Amino acid sequence: MSSPIRGERQIPLDITTARSEGAGDIPALTAYAFTSGGALIDAQPIDEKGNTRLSLPLSGDGDALRIVLGPPIEKDELDVAEVLRRGGIDAHVALRPNIEELPPLHFELTPERIRPWLGRRCVVKGTLLKRTISGGLSQELPVCNAAVDIWEVDPWPRIIVRLPDFELERLRDILDGPWPPIRWPIPPRPPEERFPGLFPDLLGPVGLNPQPLPPRVALRSRVATSAQTPTLTLPADLQIAIRASRPALERALIANIALLRPILCWLYPQRVRRTKIATVFTDECGHFRTVIWRSILDTDIPDLYFTARQRVWPGFWVTIHEPQPVACHTWWNYQCGTEVTLITRHPAARTCLPCPPVIAPRFWVLFKAIGNTSVWGIHGANTTTAVGTAGHDATKVGLLNDSAPWGGTLRPRIEFDNLLRSSLGVRYYRVSYKRPSEPDTAWRASEAAIGRHYDQTIGGVPVSSIYSLGPTTVGANAHLYEIPPALPPVGQWSTGDLVQEFQSAVIDSTSVSPGVGYDAAGVPLGGDEGGHWQIRVELFDTAGVQVDPETLGIAWRVPSVTDLSGIIDTASAADLGLVDVVRNSMILTVRVDNNPCHASIAAPTLDGNPASSVCGVMNYTSLSSTVVTPFVALQRNRFADYSFYVQRGEGPGAELSVSDVAATTPAGMPAPPSSTVGNLLDGCAIAGFTEQLYVAHRATDGWNRQSQYDASRVRAFVLAPVTVVAPVAVL
């Protein structure tokens, strides 16, 4: 096990635990303390009384620590993910510079953690997220400092027996005949719950993007009259009970409640009663966890419904999550200890920065992404395409997923182990860029202002502030940014615009590599055509002096995953050839291409004769005549894809359709598509056609495709038979 880190001053943290009565012997447990960067700083066993004490080193900036209670693990390089994977219980502790002591941290040793058959307590845990659009992408951010209210809902057996006779007779008729119009789709539900037999091909796993269903569905035992109307065969006992007495029908409904639940929740939304049983607050990561008690006489598995509130204005709580109807959003038969994920889209919900754990050696610097796109997807920056690997291709270096260049404004996203500040005195970084062919004197530093938002509550009023990270001049070095501290001066980190919030530097590639296109005739213009650019990261101490990362044991890392929403496993940047030990820096190469696309459509031809540019009418004498539709789709380095089609009127599909990679010059285009007059007319004598061409650039800034470089054209023509038109006298 890694030895704990010791600072100049140690703050004790008392850990207490509580066990269920009659729990008997508790297995050996250990309390672990990890930094915000995932480094182990202390680990102590829980004594026979269920208590222990951790020693937490206090640095000048403080830290946001993760305390985990779990089984003892003997491992050379123990990480927080391993403890959590083995069932560890975690909590977060803010260790601020001016703190004198910490209140004891209390853990509940619940039956689900120790012995499932003990006690009547139930752990309820989950995460509250806000789904929003930022940078053109859907994001799910943790909602911190929100009150999650937990409600217990009456089980369906109780609801059914309370239904009036006329309601039960209505349900009897519905089960025996076609449904009345019901709003679809059924809203997402907990993924742990399934509705066996209910339209499995259409609905799929409940809670995982349910597909829209028809507005009217036949729910009956006999075969539906329409092949497109889904049917459901009722169980035999329910078919018999439809025509039986009320007690028999009640028993059959309760026996088949899992099948009928999505029907009943819409039919009887007002029949459901809920009782608040607990309120718990979310932490900085949006997590919540509490213990609810059940009566020892209550054998029903709890049915839970969740709402959430947040203090947004002085003296006011705003409900940010309350899905309706209640019965359609209840976690029926909640399995204690399982994760609940609550999603809100309320515009007033305040969010915090995501906090997935980073798995890396101590003292790490992680070049995580450009924009919101993982570095792992860049050719040359992963284990399958790095220099020296079988998949390496010098022509693809710097491309995303081997085919897409970078363009527009690039915003590198770099994260740092807080131990760099607290233990090594490394406080600043600098990001610069140049072409590989340029000398070292050509490095251009990022000069844009970078900051982080944080929230605090003053007199009951939420207040948002910005912590400036730079750029600043320290000592002899300019354009330095401060490594973000683990904790803001007060309150907690929050989110503003994610594009701005995640950036660690700003590189306007259009100012150094603006790109060039084509003239109206498709002739290439001269100028900067883009190419490879290097992005360099350097580290500096508190005096602004550049440090030697290798001497200090700093590990340069890149994510070894493309999905940045979960646990971030990392790989050594040095092993991938991305570390320059001479310059004491990490250098990432990207391919930049801001060259716009070009699109043009020439006049279509009929047996070699072009259509007129004014009227666009082509007169045919034979259905076997050939129509050719020439067009040109260009991009300087072929980093674009085109789609071309010819459409007749409002026909069901394109009469001609072709797609490919854009060419560099008109001569590189394939032969234009062609067809016969008969195929295009398809039974019509006279028809109008549109030609549509779209050329889509592949470049991305890590958030969005750079569609400003796209090009498109539209043209029209008419096919008509040759006719003799009598002259019209003009009076």
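Refer to the structure presented above.
Quantities reported herein were computed from a predicted structural model and do not represent experimental measurements.

## Some points on the overall build of the chain
And then number 1: When helices and strands are tallied, the chain shows twelve helices and 44 strands.
And then number 2: Counting only residues that meet the buried cut, the chain has 52% of its 731 residues in that class.
And then number 3: For the chain, the exposed surface amounts to about 32700 Å²; the carbon and sulfur share of it is 53%.

## Thoughts on the packing of aromatic side chains
And then number 1: Counted by the stated rule, this structure contains twelve aromatic pairs.
And then number 2: The interplanar angle of 55° and the centroid separation of 6.3 Å between the aromatic rings of Y433 and W533 together place this pair among those described as tilted. Here W533 lies in strand β29 (residues 531–541) and Y433 lies in strand β21 (residues 426–434), a separation of 100 residues in the sequence.
And then number 3: Residue classification places Y433 among the buried positions, given a relative accessible area of 10%.
And then number 4: Connected via pairs of aromatic rings, a cluster forms that spans F416, Y429 and Y481.
And then number 5: Just above the ring of W151 sits the side chain of R274; from NZ or CZ to the centre is 4.3 Å.
And then number 6: A cation over a ring is seen here: K434 above W443, with NZ or CZ 4.9 Å from the ring centre.

## Some remarks on empty space enclosed by the protein
And then number 1: Counted under the stated rule, the structure contains one cavity of 30 Å³ or more.
And then number 2: Considering only enclosed or pocket space, the largest cavity measures out at about 60 Å³ in volume.
And then number 3: Around the largest cavity, the lining residues are L410, Y433, I507, S509, V512, W533, I535, V590 and V592.
And then number 4: Tallied by class, the residues present in the lining of the largest cavity amount to eight nonpolar, one polar and no charged.

## What to know about the sheet that holds strand β44 (residues 711–721)
The strands that make up a sheet pair up through hydrogen bonds in the backbone, lying either parallel or antiparallel.
And then number 1: Taken together, the five strands give an open sheet; going across it, the order is β37-β44-β43-β40-β41, and neighbouring strands pair in mixed fashion. Every other strand in the sheet has two partners, leaving β37 (617–620) and β41 (656–661) as the edge strands with one partner each. Strand-to-strand, the axes of this sheet are offset by a mean angle of 15°, without reference to chain direction.
And then number 2: As judged from the nine bridges shared by strand β40 (residues 640–648) and strand β43 (residues 687–697), these two strands associate in the antiparallel manner. Across the sheet, the residue bridging to Y645 is Q692, located in β43.

Cut-offs applied
- Note that residues are indexed from 1 along each chain, following the sequence as it is written.
- Confidence filtering applies because this is a predicted model: local features only for residues at pLDDT of at least 70, side-chain atom pairs given and counted only at 80 or more, and all residues used for totals across whole chains, interfaces and linings.
- Processing note: side-chain calculations cover all non-hydrogen atoms of the structure and skip hydrogens and water entirely.
- Comment: elements are numbered from the N terminus, with helices defined as DSSP H or I runs of at least four residues and strands as E runs of at least two.
- Only protein chains enter the area calculation, which uses a 1.4 Å probe; residues under 20% of their type maximum are buried, those over 50% are exposed, and those in between are partly exposed.
- Note on areas: Shrake-Rupley, 1.4 Å probe, and residue coverage restricted to the protein chains presented here.
- Note on aromatic contacts: the rings of Phe and Tyr and the six-membered ring of Trp form a pair at centre separations within 6.5 Å, being stacked when their planes are under 30 degrees apart, edge-to-face when over 60 apart, and tilted otherwise.
- Cation placement over rings: the criterion is NZ of Lys or CZ of Arg within 6 Å of the ring centroid and within 35° of the ring normal.
- Points on a 1 Å grid, built from protein atoms alone, make a cavity when a 1.4 Å probe fits but cannot get out and make a pocket when they are open with protein on both sides within 12 Å along at least 5 of 7 lines; residues with an atom within 4 Å of a point are the lining residues.
- Grid points are joined across faces, edges and corners, and a volume is the space filled by probe spheres set on the points.
- Throughout, the ten residues Ala, Val, Leu, Ile, Met, Phe, Trp, Tyr, Cys and Pro are labelled nonpolar, Asp, Glu, Lys and Arg are labelled charged, and all others, Gly among them, are labelled polar.
- Two strands pair under a simple rule: DSSP has to find at least two bridges between them.
- Axis definition: a line fitted to C-alpha atoms, limited for helices to the stretch in contact. Angles are taken between N-to-C directions and run from 0 to 180 degrees.

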